[in-house]
2 protein chains.
Amino acid sequence: MPPLTTPKSGDALFASVDRVNAELFTLTYGAIVRQLLTDLEEVEEVNKQLDQMGYNIGTRLVDEFLAKSNVSGCVDFKETADTIAKLGFKMFLGVTATVTNWDAEGTTCSFVLEDNPLVDFVELPDTCQGLQYCNVLSGVIRGALEMVSMKTEVTWVRDMLRGDDAYEMRVKLTKQVPEEYPYKDDD
Amino acid sequence: MPPLTTPKSGDALFASVDRVNAELFTLTYGAIVRQLLTDLEEVEEVNKQLDQMGYNIGTRLVDEFLAKSNVSGCVDFKETADTIAKLGFKMFLGVTATVTNWDAEGTTCSFVLEDNPLVDFVELPDTCQGLQYCNVLSGVIRGALEMVSMKTEVTWVRDMLRGDDAYEMRVKLTKQVPEEYPYKDDD
């Protein structure tokens, strides 16, 4: 049976949610990173905290996404990845990602971002070269996917703050438990 | 001579800037507060840090505000307060504030917010009753005003998280140095 509602387009979805100024968000996120760098001695520890913060945020954002997007469940990881790239990124950050570099099994892919509101005005000082500045984003993806029963590992493989030509995060599906999918109440 | 450009309306201004999802911003800000509560032992110290964080953000946001709003300078503190309430809040948070409770000298007023995207889904646990959750906002106002040569003290006098019926911040102008106004280059 086809779904009763059609998923919204990314643009319609983004237009339908409350929004705040992107620069305010960028500066607020920058303030977190600076605070963590001050409080924690190791850059590696900051990376972990940013990822955990993103994970916590992702477990919350997935509810708003499912409530507003009319997406009622994806048939497989490929469809899930496309949905995140076209609708998820658009709904929350106002940009879209490209899904690429699939492995043969269809369990690992990359999200490539050319526009990333998180890093406007950011330059990493030499002392922070190990910093994974955007770890909050990979944490959000990991947290959101876990809430729809997909365990993943998410790592950054390209980062414009480190001189790469784009932002690329690699998402590897490590475990999927379809029967625990928690959003079937309305079917 | 009248200004060559007319200030934009709040709605036009908000539509003209890049935006991100308000819930993402709210959760990100919540993550900062939680992090500070974990890292610092005293709630009073958290309040100070949030205020300082806001101050740093405000000193940056004022540039975007002046660049995009076509506001070319306010004649006095009253006009400045109205501009912040109608255009500043709208441009960055998507809401407007009411300016009220002026003192006789015209140097102290209140901004009242009925809608405050910062606090969606927030409840203060009993252990955090002294927390000034929105101190980042008062810090932003203080920082932004200092960049246009107005030294202020900004304090919260009503807070819905503490059971009040609105958010009210009191802004007291303590010193004004008009000749240092740094945005006259284009006149």
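About the cut-offs
Residues numbered from 1 in each chain as written. Chains lettered and ligands numbered in written order. Predicted model: local features only at pLDDT ≥ 70, side-chain atom pairs only at ≥ 80, totals over all residues. Heavy atoms only, no water. Contact = heavy atoms within 4.5 Å. Buried area = accessible area lost by both parts, 1.4 Å probe. Salt bridge = Lys/Arg side-chain N within 4 Å of Asp/Glu carboxyl O. Polar contact = N/O pair within 3.5 Å; in protein donor to acceptor, adjacent residues only side chain to side chain. Helix = DSSP H or I, 4+ residues; strand = E, 2+ residues; numbered from the N terminus. Axes fitted to C-alpha atoms, helices over the stretch in contact; angles between N-to-C directions. Parallel < 35°, antiparallel > 145°, perpendicular 65-115°, else oblique. Left-handed = near helix turned anticlockwise from the far one by under 90°. Nonpolar A, V, L, I, M, F, W, Y, C, P; charged D, E, K, R; others polar. Least-squares fit on C-alpha atoms with pLDDT ≥ 70 in both. Pairing = 2+ DSSP bridges. pLDDT = per-residue confidence, 0-100. Buried < 20%, exposed > 50% of the residue type's maximum accessible area, 1.4 Å probe, protein only. Phe/Tyr/Trp six-rings, centres within 6.5 Å; stacked < 30°, edge-to-face > 60°. Lys NZ or Arg CZ within 6 Å of the ring centre and 35° of its normal.

**Q** How do you make sense of the interface of chain A and chain B when you look at a structure like this?
**A** Bring the parts together and some accessible area is lost; that lost area is often taken as the interface size. Taken together, the contacts link 29 residues of chain A with 29 residues of chain B. Approximately 3000 Å² of surface area, both sides summed, lies buried where chain A meets chain B, with 65% of it carried by carbon and sulfur atoms. Where chain A meets chain B, there are 0 salt bridges. Across the chain A-chain B interface, the total number found is 7 residue pairs in polar contact (both at pLDDT 80 or more). Every element with two or more residues in the side of chain A that touches chain B is listed here: β1 (19-21), α2 (22-39), α3 (43-69) and α4 (77-93) of chain A. The element contributing the most residues to the side of chain A that touches chain B is α2(A), with 12 residues.

**Q** How do you make sense of the packing of α2(A) against α3(A) when you look at a structure like this?
**A** When two helices pack together, their arrangement is given by the angle between the helix axes and by the axis-to-axis distance. Residue and element names in this part refer to chain A. α3 packs onto α2 with a crossing angle of 140° between their chain directions and a minimal axis gap of 9 Å. The pairing of α2 with α3 is recorded here as oblique in orientation. Between α2 and α3 lies a crossing of right-handed hand. Taking contact as the criterion, the partners of Tyr29, Ile32, Val33, Leu36 and Leu37 in α2 are, on α3, Val43, Val46, Gln49, Leu50 and Met53. Looking at the contact of α2 with α3, its residues break down into 9 nonpolar, 1 polar and no charged.

**Q** Looking at this structure, I do not really get the relation of the copies chain A and chain B. What am I missing?
**A** Between the two chain copies there is a screw-like relation: a rotation about an axis and a shift along it. Rotating chain A by 180° and moving it 0.0 Å along the rotation axis overlays it on chain B with an RMSD of 0.0 Å. The transformation just described matches what one would write down for a two-fold rotation axis. Taken as a fraction of all interface residues of chain A, those also at the interface in chain B reach 100%, which identifies the copy contact as same-surface.

**Q** So what exactly am I meant to see when it comes to the pairing of strand β5 (residues 167-176) of chain A here?
**A** For a regular strand, side chains alternate in direction, first toward one face of the sheet and then toward the other. All names here are of chain A. Sheet analysis places strand β3 (residues 108-113) next to β5, joined by 6 bridges and oriented antiparallel. Note on β5: the bridge partner recorded for Thr108 is Lys172. For strand β4 (residues 150-158) and β5, the ladder comprises 8 bridges, and the chain directions are antiparallel. Residue pairing for β5: Val154 is matched across the bridge by Val171.

**Q** Quick question: what am I supposed to make of the confidence of the model for chain A here?
**A** Any residue range with low pLDDT should be treated as having predicted coordinates unsuitable for detailed reading. Put simply, chain A has an average pLDDT of 90, and 92% of its residues get 70 or more. Across the interfaces of the predicted complex, the ipTM metric reaches 0.84, alongside a pTM of 0.86.

**Q** Explain the pairing of strand β3 (residues 108-113) of chain B here, please?
**A** Residues and elements named next belong to chain B. Most of β3 sits out of view: 6 of its 6 residues are buried. Neither face of β3 is left uncovered, since the one carrying Thr108, Ser110 and Val112 and the one carrying Cys109, Phe111 and Leu113 both have all their residues buried. Pairing analysis gives 3 bridges linking strand β2 (residues 98-100) to β3, with the strands arranged antiparallel. Bridged to Thr98 within β3 is Val112.

**Q** How should I be thinking about the packing of aromatic side chains in this particular structure?
**A** Each aromatic ring pair is described using two quantities: the centre-to-centre distance and the angle formed by the ring planes. Under the definition given, this model contains 8 aromatic pairs over all chains. Seen in terms of ring centroids, B:Phe89 and B:Phe111 are 5.7 Å apart; in terms of plane orientation they differ by 70°. Their pairing is edge-to-face. Here B:Phe89, found in helix α4 (residues 77-93), pairs with B:Phe111, found in strand β3; they are 22 residues apart in sequence, far enough to count as distant. Residue B:Phe111 is classed as buried on the basis of its relative accessible area of 2%. Directly above the aromatic system of A:Trp102 lies the positively charged group of A:Lys78, at a separation of 5.1 Å from the ring centroid. The ring of A:Phe121 carries B:Arg60 above its face, with NZ or CZ at 5.6 Å from the centroid.

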